[in-house]
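Summary of the model geometry
The residues making up each chain are set out below.
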Amino acid sequence: MQWVDTVIQGVLLGGLYALFATGLSLIFGVMRLVNIAHGDLIVVASFAALAVAEGFGMHPLITLLAVVPLMFGLGYVLQRGILNLTLGKDILPPLLVTFGLSIIIQNGLLEVFTADSQKLKAGAIETMSLQIFGGISVGVLPVITFVAAVLVIAGLQLLFFRTMLGSAFRATSDDPDTARLMGIDNRHVFALAMAVSLAVVALAGVLLGVRTNFDPSIGPGRLLYAFEAVIIGGLGSLWGTLAGGVILGVAQSIGARIDPGLQILAGHIAFLIILIVRPRGLFPRAVD
Amino acid sequence: MTDRKTKSGAPTISRRRALQVGAGVVGAAAASTVSAPAVLAATKKIRIGHVSPRTGPLAPFAVADTFAIGQVREKYKNGLKIGNETYEVEIISKDSQSNPNRAAEVAADLILKDKVNIMCVGNTPETTNPVGDQCEANDVPCVSSLAPWQPWFFTRGGKPGQGFKWTYHFFWGLEDIIGVFLNMWDSLDTNKQVAGLFPNDGDGNAWGDKKLGLPPALAKRGYTVTDPGRYQNLSDDFSAQIAAFKKANCEIVTGVVIPPDFTTFWKQARQQGFRPKAASVGKAILFPTSVEALGKDGHNLSSEVWWTPSHPFKSSMTGQSCAELAAAFEASTKRQWSQPVGFAHALFEVVFDVLGRTKDVGSNESILEAIVKTKMDTIVGPVDWTKGGPFKNVSKTPLVGGQWRFVDKKHKYDLVIVNNKTAPNIPVGGKMEPLG
């Protein structure tokens, strides 16, 4: 029974990792851009939610109404104003620019919000739990996080395969030059992709802020798991990213169950095994 | 141009020599620009070096430093009188960016470029140790605090009989924290089963050590520690630990946990039905903001207490009581007081007491002589290096135990002293209460 509990907690943890990773997966899929500042942008969203929640006395989950559009706009401006200029044959410039961005964001947040540890206070929901079978209890918040991850990925999947915008995303991803010949403005499409990515980041940031403390320096720590989830799942595949997050979460939980010192290591080992067995991840999208 | 001339004109001079000459010229130029105003100034100057983690994860500590430096600059704006001479006081504070390598670098800068007469430093071994090592290497006197003395002494390779020459430290030690925790738990009715949360970092390994850490010390007083093993900091999941603690029926939680991890642990413990009677942890709940992050769930968490506004001490520099100092801090920074406020102030109290007793401020040896003879009362209690504390170079300050109480008034939480067995001169403000 305890192992069942371990796996369930691991799956729920995987939901959080998947949520961290989805935005990263999305922009990599569309424009092959590796966003090193992704973790810091999650923290930006947490701080934005904090400012809105304290400024207007709102419940943190309601601040999503403001933070999601805000981050969407920020994503558009960021891509259009800076990152588009770095895209090209060489993958190094965007990497370096986002790396610099990561440092700028951390220090900017430090100036504005100080180094104090902050948290979004969501009241009773933080510690509420559900009794499921066999005396196992799961937290309401982790369940919400997992469900949110599934819904976000399902929604993005619809966006990608059922809408005009999705076709444009896929077309630019497959062959940017031909897409431009067909009248698609790459700069605009890339900016929209980053905007959608940051909208997901906003959700991740708010849920992270409700779950635990954050301060300006914790972003990079969140980036690693997001990367691993993306790569386990296969580059560019959204459902794969969810699977990657869950595999990572379950591997960590099982590792921790054996010995807490193995928690992080077990995740990395699972990641390495998958890289060896399936170098392109579980569900890679076509041939790149 | 001069460089090339040297090289081509005198082929016997090696490249290294040429570089040394070049560096010497540049160094001399820099030194002359620095010392020019000093020559013009009528009074002599004392330079005090200070290293502080103003950015990065340790930044919450530095808030108290900024306030303390402001107070000192105000107090000595007309100079410091030593004997018959008045000296201009310059405090040069540099940012360590919470990085030990950077701390060593700026300390070297302060010593070699700014030519400080004395160094002072605090805020965790990550800051005190590299700065202390630089001072030791360059023969500059250094006063430090805000780091338990064992990691300060032993990690730097201190030998019990020998100690250090230039570096002196005042704070409490791990033996005090163990004593305080045990006294607090003894006052509750528990099954003496303790849950231990020790991360895989310097503090976690020291606290959790099977031979020298908490487990053997607690065993002596009849407590059993369940230690599932070292985990990585910034963990998102503590289910495994919680399951182990539930299985062992633990009623007490202890450990040395960073704030985000403690929040994750505490929330998950509630979600998964683990409700201990006491939780005494180091690091995680030092600052009031970290406790506030727990909402109402922070009520009655307990920790070691080094300084509060109700401590019965007085500043030797400003004459302020502890309560007055805390009030001044709150008025100036608009934040609730925290424990480092007292120690950041005391650090400068010691520095100025030492300088006031120094015979020849220009000589590092003479300043050191004054440090060794330090015996004074500060806002954090007596500092005395004459009797050789646990070791030469170390003077211990008192430690008591306290609980955070949710009051939701001007401050969301108040830190109330609940056990003073280790230092009866510090008054208690209430009784130890079990967690709800």
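Not measured: the values here are computed from a predicted model. (Residues numbered from 1 in each chain as written. Chains lettered and ligands numbered in written order. Predicted model: local features only at pLDDT ≥ 70, side-chain atom pairs only at ≥ 80, totals over all residues.)

What about the overall build of chain B?
Scanning chain B from N- to C-terminus turns up 15 helices and 16 strands. Within chain B, buried positions represent 50% of all 436 residues. In chain B, 69% of the contacts between residues at least 6 apart in sequence involve partners at least 24 apart. (Helix = DSSP H or I, 4+ residues; strand = E, 2+ residues; numbered from the N terminus. Buried ≥ 20, exposed ≤ 12 C-beta atoms within 10 Å, placed from the backbone. Contact = placed C-beta atoms within 7 Å.)

A word on the overall build of chain A
Secondary structure summary: chain A contains 11 helices and 2 strands in total. For the C-alpha atoms alone, the extent of chain A along its principal axes is close to 60 × 50 × 35 Å. Put simply, 75% of the contacts in chain A that link residues at least 6 apart link residues at least 24 apart.

Topic: the interface of chain A and chain B
At the interface, 35 residues of chain A touch 34 residues of chain B. Looking at the side of chain A that touches chain B, the elements with two or more residues in it are helix H1 (2-31), helix H4 (92-113), strand S2 (137-139), helix H10 (238-258) and helix H11 (263-277) of chain A. Tallying contributions element by element places H1 of chain A first for the side of chain A that touches chain B, with 6 residues. When grouped by side-chain class, the residues that make up the side of chain A that touches chain B number 9 nonpolar, 18 polar and 8 charged. (Nonpolar A, V, L, I, M, F, W, Y, C, P; charged D, E, K, R; others polar.)

Details of helix H9 (residues 219-233) of chain A
Residues and elements named next belong to chain A. Given a rise of 1.5 Å per residue, 15 residues ought to cover 21 Å, and the 22 Å separating the end C-alpha atoms of H9 matches this to within 8%. The element H9 is extensively covered by neighbouring structure, given that 12 of its 15 residues are classed as buried. For H9, the full list of buried residues reads Gly 219, Arg 222, Leu 223, Tyr 225, Ala 226, Phe 227, Glu 228, Ala 229, Val 230, Ile 231, Ile 232 and Gly 233. Of the residues flanking the end of H9, it is Gly 234, one or two places downstream, whose phi is positive at about 105°. (Expected span 1.5 Å × (residues − 1).)

Observations regarding the nonpolar core
Counting residues in hydrophobic clusters, the biggest one holds 122 residues, and the most contacted among them are Ala 107, Met 119, Cys 120, Leu 347 and Val 351 of chain B. With 11 residues, helix H14 (residues 340-357) of chain B is the single largest residue contributor to this core. Looking at which domains feed residues into this core, each of domain 2 (44-173 + 310-395) and domain 3 (175-305 + 399-419) of chain B supplies at least three. Apart from the residues lying within four places of it in its own chain, the contact partners of Leu 347 of chain B are Cys 120, Gly 122, Val 143 and Ser 145 of chain B. Of all hydrophobic cores here, the second largest spans 95 residues; its members include Tyr 17, Ala 48, Leu 50 and Phe 146 of chain A. (Core = buried A, V, L, I, M, F, W, Y, C linked by C-beta atoms within 7 Å. Domains from an automatic or database assignment.)

Here we look at the domain arrangement of chain B
Residues and elements named next belong to chain B. Each assigned domain of chain B is listed with its residue range as follows: domain 1 (2-29), domain 2 (44-173 + 310-395) and domain 3 (175-305 + 399-419). A straight line from the C-alpha centre of domain 2 to that of domain 3 covers 30 Å. Counting from both sides, the interface comprises 9 residues of domain 2 and, opposite them, 10 residues of domain 3. Split by residue class, the side of domain 2 that touches domain 3 holds 4 nonpolar, 5 polar and no charged.

Some details on the pairing of strand S13 (residues 381-384) of chain B
All names here are of chain B. Note that strand S12 (residues 375-378) and S13 share 4 bridges and pair antiparallel. Looking at the pairing, Asp 377 lines up with Pro 382 of S13. The turn joining S12 and S13, which pair antiparallel and follow one another in sequence, is formed by 2 residues. (Pairing = 2+ DSSP bridges.)

Here we look at the environment of Ala 68 of chain B
Residues and elements named next belong to chain B. Within the fold, Ala 68 resides in helix H3 (residues 59-75). By C-beta crowding, Ala 68 is classed as buried, having 29 other C-beta atoms within 10 Å. C-alpha separation for the pair Ala 68 and Ile 111, spaced 43 residues apart in sequence, amounts to 22 Å. Setting aside chain neighbours within four positions, we find Ala 68 in contact with Ala 344, His 345 and Phe 348.

Quick look at the environment of Leu 16 of chain A
Mapped onto the elements, Leu 16 of chain A comes out in helix H1. For Leu 16 of chain A, a count of 26 C-beta atoms within 10 Å gives the class buried. For the pair Leu 16 of chain A and Leu 207 of chain A, spaced 191 residues apart in sequence, the C-alpha separation works out to 8.4 Å. Here Leu 16 of chain A is in contact with Thr 145 of chain A together with Asp 236 of chain B, once residues within four sequence places are set aside.

Digging into the sheet that holds strand S5 (residues 142-145) of chain B
Residue and element names in this part refer to chain B. Spatially, 7 strands are ordered S2-S3-S1-S4-S5-S6-S14 in an open sheet, and the strand pairing comes out mixed. Pairing within the sheet leaves two strands with one partner each, and these edge strands are strand S2 (80-82) and strand S14 (394-395). By the bridge criterion, 4 bridges tie strand S1 (residues 44-52) to strand S4 (residues 118-121) in an arrangement that is parallel. Bridge pairing links His 50 to Cys 120 in S4. The strands touched by H3 within the sheet are S1 and strand S3 (85-95), with S3 carrying the most contacts at an inclination of about 160°. (Axes fitted to C-alpha atoms, helices over the stretch in contact; angles between N-to-C directions.)

Notes on the confidence of the model for chain A
Counting all residues, the mean pLDDT for chain A is 90, and 99% of those residues have values of 70 or more. Mean pLDDT across the secondary structure elements of chain A bottoms out at strand S1 (residues 129-131) of chain A, with 84, and peaks at helix H3 (residues 64-86) of chain A, with 95. (pLDDT = per-residue confidence, 0-100.)

A word on the pairing of S3 of chain B
Summarising the sheet, S1 of chain B and S3 of chain B pair through 9 bridges and their orientation is parallel. By the bridge assignment, Ile 46 of chain B is partnered in S3 of chain B with Val 89 of chain B.

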